[in-house]
Amino acid sequence: MLRLLLTCEHGGNLIPPAYAPLFQGHEEVLKTHQGYDIGALELYNTLKPIADVGFYAETSRLLVELNRSLHHAKLFSAYTQVLPPTEKERLLEKHYKPYREQVEQMVSDFVSAGRRLLHVAVHTFTPMLDGEERQADIGLLYDPKRKHEQAYSKEWKAALNKADKDLLVRFNYPYLGIADGFPTYLRRKFSADEYVGIELEVNQKFPQQGGARWQEIQALLARTLQEVVLRNRALLSEHGI
Ligand SMILES: [Zn+2]
(Lines give C-alpha, C1' and ligand atoms only; values in the text may rest on other atoms or scores of the structure.)
Protein backbone atom coordinates (compact mmCIF):
# COMPACT_ATOMS: atom_id res chain seq x y z
CA MET A 1 0.00 0.00 0.00
CA LEU A 2 1.36 3.39 -0.96
CA ARG A 3 0.98 6.15 1.60
CA LEU A 4 1.50 9.87 1.11
CA LEU A 5 3.34 11.97 3.66
CA LEU A 6 3.37 15.72 3.18
CA THR A 7 5.74 18.07 4.97
CA CYS A 8 6.48 21.78 4.91
CA GLU A 9 9.75 22.74 6.61
CA HIS A 10 9.71 26.41 5.68
CA GLY A 11 6.05 27.22 6.28
CA GLY A 12 6.41 30.30 8.46
CA ASN A 13 8.61 33.11 9.70
CA LEU A 14 7.85 33.05 13.42
CA ILE A 15 10.58 33.76 15.94
CA PRO A 16 9.84 32.57 19.50
CA PRO A 17 10.01 35.52 21.97
CA ALA A 18 13.15 34.15 23.65
CA TYR A 19 15.06 34.62 20.39
CA ALA A 20 13.53 37.92 19.30
CA PRO A 21 16.51 40.02 20.53
CA LEU A 22 18.74 38.25 17.98
CA PHE A 23 16.52 39.59 15.20
CA GLN A 24 16.11 43.12 16.53
CA GLY A 25 16.62 45.56 13.67
CA HIS A 26 16.45 42.68 11.16
CA GLU A 27 12.68 42.16 11.22
CA GLU A 28 12.39 42.95 7.49
CA VAL A 29 14.49 39.98 6.42
CA LEU A 30 11.99 37.64 8.07
CA LYS A 31 9.36 38.78 5.59
CA THR A 32 11.50 37.87 2.57
CA HIS A 33 12.26 34.50 0.96
CA GLN A 34 15.21 34.27 3.34
CA GLY A 35 12.81 34.07 6.29
CA TYR A 36 10.43 31.45 4.90
CA ASP A 37 9.03 29.91 1.73
CA ILE A 38 6.41 32.39 0.58
CA GLY A 39 3.16 30.58 -0.29
CA ALA A 40 4.42 27.15 0.83
CA LEU A 41 2.08 26.74 3.79
CA GLU A 42 -0.93 27.71 1.70
CA LEU A 43 0.08 25.14 -0.92
CA TYR A 44 0.68 22.54 1.80
CA ASN A 45 -2.85 23.14 3.10
CA THR A 46 -4.25 22.74 -0.41
CA LEU A 47 -2.45 19.42 -0.86
CA LYS A 48 -3.10 18.17 2.67
CA PRO A 49 -6.54 16.56 2.04
CA ILE A 50 -4.96 14.00 -0.32
CA ALA A 51 -2.19 13.05 2.13
CA ASP A 52 -2.38 10.30 4.75
CA VAL A 53 -0.42 12.43 7.19
CA GLY A 54 1.28 15.80 7.24
CA PHE A 55 3.66 17.94 9.29
CA TYR A 56 4.48 21.61 8.92
CA ALA A 57 6.64 24.09 10.77
CA GLU A 58 6.01 27.78 11.25
CA THR A 59 9.27 28.88 12.84
CA SER A 60 11.59 30.75 10.51
CA ARG A 61 14.41 28.95 8.73
CA LEU A 62 16.59 31.76 10.10
CA LEU A 63 16.03 30.40 13.62
CA VAL A 64 17.21 26.91 12.70
CA GLU A 65 17.15 25.29 9.25
CA LEU A 66 14.79 22.28 9.42
CA ASN A 67 15.79 21.23 5.92
CA ARG A 68 19.46 20.74 6.86
CA SER A 69 21.19 17.95 8.75
CA LEU A 70 22.84 18.53 12.12
CA HIS A 71 26.30 18.56 10.55
CA HIS A 72 25.47 21.21 7.94
CA ALA A 73 27.38 24.51 8.13
CA LYS A 74 24.17 26.47 7.52
CA LEU A 75 22.05 24.72 10.17
CA PHE A 76 22.11 28.02 12.05
CA SER A 77 21.73 31.36 10.30
CA ALA A 78 23.96 34.41 10.71
CA TYR A 79 21.50 35.52 13.44
CA THR A 80 21.62 32.35 15.54
CA GLN A 81 25.18 31.25 14.75
CA VAL A 82 26.35 33.65 17.49
CA LEU A 83 24.64 31.67 20.26
CA PRO A 84 26.89 29.81 22.69
CA PRO A 85 26.98 25.98 22.23
CA THR A 86 24.63 25.24 25.16
CA GLU A 87 22.06 27.70 23.77
CA LYS A 88 22.36 26.14 20.34
CA GLU A 89 21.74 22.73 21.86
CA ARG A 90 18.65 24.07 23.64
CA LEU A 91 17.39 25.56 20.39
CA LEU A 92 17.83 22.21 18.64
CA GLU A 93 16.07 20.35 21.44
CA LYS A 94 13.06 22.63 21.29
CA HIS A 95 12.72 23.72 17.67
CA TYR A 96 14.55 21.20 15.48
CA LYS A 97 14.60 17.69 16.94
CA PRO A 98 10.85 17.39 17.71
CA TYR A 99 9.94 18.20 14.10
CA ARG A 100 12.61 16.03 12.49
CA GLU A 101 12.01 13.14 14.88
CA GLN A 102 8.24 13.04 14.51
CA VAL A 103 8.54 12.92 10.72
CA GLU A 104 11.22 10.22 10.86
CA GLN A 105 9.11 8.23 13.33
CA MET A 106 6.11 8.43 11.01
CA VAL A 107 8.18 7.17 8.06
CA SER A 108 9.47 4.36 10.24
CA ASP A 109 5.93 3.42 11.37
CA PHE A 110 4.64 3.28 7.79
CA VAL A 111 7.61 1.30 6.58
CA SER A 112 7.50 -1.24 9.40
CA ALA A 113 3.84 -1.78 8.58
CA GLY A 114 5.05 -2.94 5.15
CA ARG A 115 3.97 0.12 3.24
CA ARG A 116 5.79 2.20 0.70
CA LEU A 117 5.88 5.86 1.56
CA LEU A 118 5.85 8.76 -0.84
CA HIS A 119 7.12 11.85 0.95
CA VAL A 120 6.45 15.16 -0.76
CA ALA A 121 8.23 18.08 0.91
CA VAL A 122 6.52 21.33 -0.10
CA HIS A 123 8.82 24.28 -0.85
CA THR A 124 8.82 27.47 -2.90
CA PHE A 125 11.77 29.33 -4.42
CA THR A 126 12.44 32.97 -5.13
CA PRO A 127 12.10 33.90 -8.83
CA MET A 128 15.30 35.99 -8.74
CA LEU A 129 18.48 34.99 -6.97
CA ASP A 130 21.66 37.08 -7.05
CA GLY A 131 20.28 39.09 -9.99
CA GLU A 132 19.47 36.01 -12.06
CA GLU A 133 16.01 34.92 -13.02
CA ARG A 134 15.31 31.28 -12.32
CA GLN A 135 14.05 29.42 -15.39
CA ALA A 136 11.29 27.21 -14.02
CA ASP A 137 7.74 27.35 -12.74
CA ILE A 138 7.97 24.10 -10.82
CA GLY A 139 10.91 21.95 -9.78
CA LEU A 140 10.75 18.28 -8.78
CA LEU A 141 13.83 17.26 -6.82
CA TYR A 142 14.79 13.62 -6.39
CA ASP A 143 17.75 11.27 -6.26
CA PRO A 144 18.38 9.98 -9.81
CA LYS A 145 19.78 6.76 -8.34
CA ARG A 146 16.39 5.88 -6.78
CA LYS A 147 14.23 4.56 -9.60
CA HIS A 148 10.83 5.05 -7.93
CA GLU A 149 11.66 8.69 -7.20
CA GLN A 150 12.61 9.21 -10.83
CA ALA A 151 9.52 7.36 -12.11
CA TYR A 152 7.06 9.17 -9.83
CA SER A 153 8.62 12.54 -10.70
CA LYS A 154 8.35 11.76 -14.42
CA GLU A 155 4.71 10.78 -14.01
CA TRP A 156 3.96 13.93 -12.06
CA LYS A 157 5.66 16.16 -14.64
CA ALA A 158 3.80 14.42 -17.48
CA ALA A 159 0.47 14.90 -15.71
CA LEU A 160 1.23 18.58 -15.07
CA ASN A 161 2.22 19.20 -18.66
CA LYS A 162 -0.74 17.28 -20.01
CA ALA A 163 -3.02 19.66 -18.12
CA ASP A 164 -0.94 22.79 -18.83
CA LYS A 165 1.65 22.56 -21.57
CA ASP A 166 3.00 26.04 -20.88
CA LEU A 167 4.05 25.19 -17.37
CA LEU A 168 7.84 24.88 -17.19
CA VAL A 169 8.48 21.86 -14.97
CA ARG A 170 12.10 20.85 -14.43
CA PHE A 171 13.83 18.02 -12.61
CA ASN A 172 16.41 18.76 -9.93
CA TYR A 173 16.10 22.49 -10.44
CA PRO A 174 16.73 25.02 -8.90
CA TYR A 175 18.50 22.61 -6.53
CA LEU A 176 19.70 19.03 -6.76
CA GLY A 177 17.61 16.41 -4.99
CA ILE A 178 20.79 14.93 -3.53
CA ALA A 179 21.74 18.17 -1.74
CA ASP A 180 21.39 18.11 2.06
CA GLY A 181 17.59 18.33 2.38
CA PHE A 182 15.35 16.33 4.72
CA PRO A 183 14.64 13.62 2.08
CA THR A 184 18.40 13.15 1.60
CA TYR A 185 18.71 12.41 5.30
CA LEU A 186 15.72 10.00 5.20
CA ARG A 187 17.13 8.16 2.16
CA ARG A 188 20.06 7.11 4.29
CA LYS A 189 17.66 5.55 6.81
CA PHE A 190 15.20 3.81 4.49
CA SER A 191 15.59 1.77 1.31
CA ALA A 192 14.54 2.95 -2.15
CA ASP A 193 11.60 0.52 -2.07
CA GLU A 194 10.40 1.79 1.31
CA TYR A 195 10.92 5.50 0.99
CA VAL A 196 10.30 7.68 -2.05
CA GLY A 197 11.24 11.30 -1.39
CA ILE A 198 10.42 14.22 -3.68
CA GLU A 199 10.93 17.88 -2.92
CA LEU A 200 8.35 20.03 -4.68
CA GLU A 201 9.66 23.52 -5.45
CA VAL A 202 7.20 26.12 -6.77
CA ASN A 203 8.21 29.52 -8.09
CA GLN A 204 7.19 32.24 -5.62
CA LYS A 205 6.06 34.45 -8.50
CA PHE A 206 2.73 32.56 -8.30
CA PRO A 207 1.90 33.26 -4.63
CA GLN A 208 3.34 36.76 -4.97
CA GLN A 209 1.05 37.56 -7.89
CA GLY A 210 -1.79 35.67 -6.23
CA GLY A 211 -5.17 35.67 -7.95
CA ALA A 212 -6.69 33.01 -10.15
CA ARG A 213 -3.39 31.70 -11.56
CA TRP A 214 -2.04 30.82 -8.10
CA GLN A 215 -5.29 29.06 -7.21
CA GLU A 216 -5.12 27.22 -10.54
CA ILE A 217 -1.51 26.09 -9.95
CA GLN A 218 -2.37 24.79 -6.48
CA ALA A 219 -5.45 22.90 -7.72
CA LEU A 220 -3.41 21.45 -10.58
CA LEU A 221 -0.66 20.25 -8.26
CA ALA A 222 -3.25 18.62 -5.98
CA ARG A 223 -5.07 16.90 -8.82
CA THR A 224 -1.94 15.58 -10.53
CA LEU A 225 -0.30 14.43 -7.29
CA GLN A 226 -3.45 12.53 -6.45
CA GLU A 227 -3.36 10.90 -9.89
CA VAL A 228 0.22 9.74 -9.32
CA VAL A 229 -0.61 8.37 -5.88
CA LEU A 230 -3.76 6.55 -6.99
CA ARG A 231 -2.10 5.00 -10.05
CA ASN A 232 0.88 3.73 -8.08
CA ARG A 233 -1.29 2.60 -5.19
CA ALA A 234 -3.28 0.46 -7.63
CA LEU A 235 -0.09 -0.90 -9.22
CA LEU A 236 1.35 -1.86 -5.86
CA SER A 237 -1.83 -3.54 -4.70
CA GLU A 238 -1.72 -5.70 -7.86
CA HIS A 239 1.60 -6.93 -6.53
CA GLY A 240 0.20 -7.41 -3.07
CA ILE A 241 2.23 -4.55 -1.55
ZN1 LIG B 1 12.09 25.60 1.34
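All values reported here derive from a predicted model rather than from experimental measurement. (Residues numbered from 1 in each chain as written. Predicted model: local features only at pLDDT ≥ 70, side-chain atom pairs only at ≥ 80, totals over all residues. Heavy atoms only, no water.)

A. Highlighting the environment of Thr59. Structurally, the position occupied by Thr59 is in the loop between strand 2 (53-56) and helix 3 (85-95). Relative accessible area serves as the criterion here: at 17%, Thr59 is assigned to the buried category. Considered as a pair, Thr59 and Val122 are 63 residues apart in the sequence and their alpha carbons are 15 Å apart. The residues contacting Thr59, other than those within four sequence positions of it, are Gly12, Leu14, Pro16 and His95. (Helix = DSSP H or I, 4+ residues; strand = E, 2+ residues; numbered from the N terminus. Buried < 20%, exposed > 50% of the residue type's maximum accessible area, 1.4 Å probe, protein only. Contact = heavy atoms within 4.5 Å.)

B. How the structure looks around the nonpolar core. In terms of nonpolar packing, the biggest core is built from 35 residues, with Leu118, Ile138, Trp156, Leu200 and Leu221 touching the most fellow members. Only strand 1 (2-8), helix 2 (40-47), strand 3 (116-125), strand 6 (138-141), helix 5 (147-163), strand 8 (195-203) and helix 8 (211-238) provide two or more residues apiece to this core. It is helix 8 that provides the largest number of residues to this core, a total of nine residues. Excluding anything up to four places from it in sequence, Leu221 contacts Leu43, Leu47, Ile138, Trp156, Leu160, Leu200 and Val202. Core analysis: the next-biggest nonpolar cluster, separate from the first, contains 31 residues, Phe55, Ala57, Tyr185 and Tyr195 among them. (Core = buried A, V, L, I, M, F, W, Y, C linked by side-chain atoms within 4.5 Å.)

C. Geometry of the sheet that holds strand 3. Within the open sheet, the six strands sit side by side as 2-1-3-8-6-7. Their pairing is mixed. For this open sheet the edge positions go to strand 2 and strand 7 (169-171), each flanked by a neighbour on one side alone. On average, each strand axis in the sheet is tilted by 20 degrees relative to the strand beside it, whichever way the strands run. Sheet analysis places strand 3 next to strand 8, joined by nine bridges and oriented parallel. Within the sheet, the bridge partner assigned to Phe125 lies in strand 8 and is Asn203. (Pairing = 2+ DSSP bridges. Axes fitted to C-alpha atoms, helices over the stretch in contact; angles between N-to-C directions.)

D. Quick peek at the layout of surface pockets. Taken as a whole, the largest pocket holds about 770 Å³ of empty space. Taken together, 30 residues make up the lining of the largest pocket; nearest its centre are Arg61, Glu65, Arg68, Lys74 and Tyr175. Among the secondary structure elements, those contributing two or more residues to the lining of the largest pocket are strand 3 and strand 8. It is strand 3 that contributes the most residues to the lining of the largest pocket, three residues altogether. Of the residues that constitute the lining of the largest pocket, the class distribution is 10 nonpolar, 11 polar and nine charged. (1 Å grid on protein atoms, 1.4 Å probe; cavity = no way out; pocket = protein on both sides within 12 Å on 5 of 7 lines; lining within 4 Å. Points joined across faces, edges and corners; volume = space filled by probe spheres on them. Nonpolar A, V, L, I, M, F, W, Y, C, P; charged D, E, K, R; others polar.)

E. Structural context of helix 2. Of all the residues in helix 2, the buried ones are Ala40, Leu41, Leu43, Tyr44 and Leu47. One side of helix 2 holds all its buried residues, which, seen down the axis, span an arc of 160 degrees. At its buried positions, helix 2 is contacted by strand 1, strand 2, strand 3, strand 8 and helix 8. (Arc of directions from axis to C-beta.)

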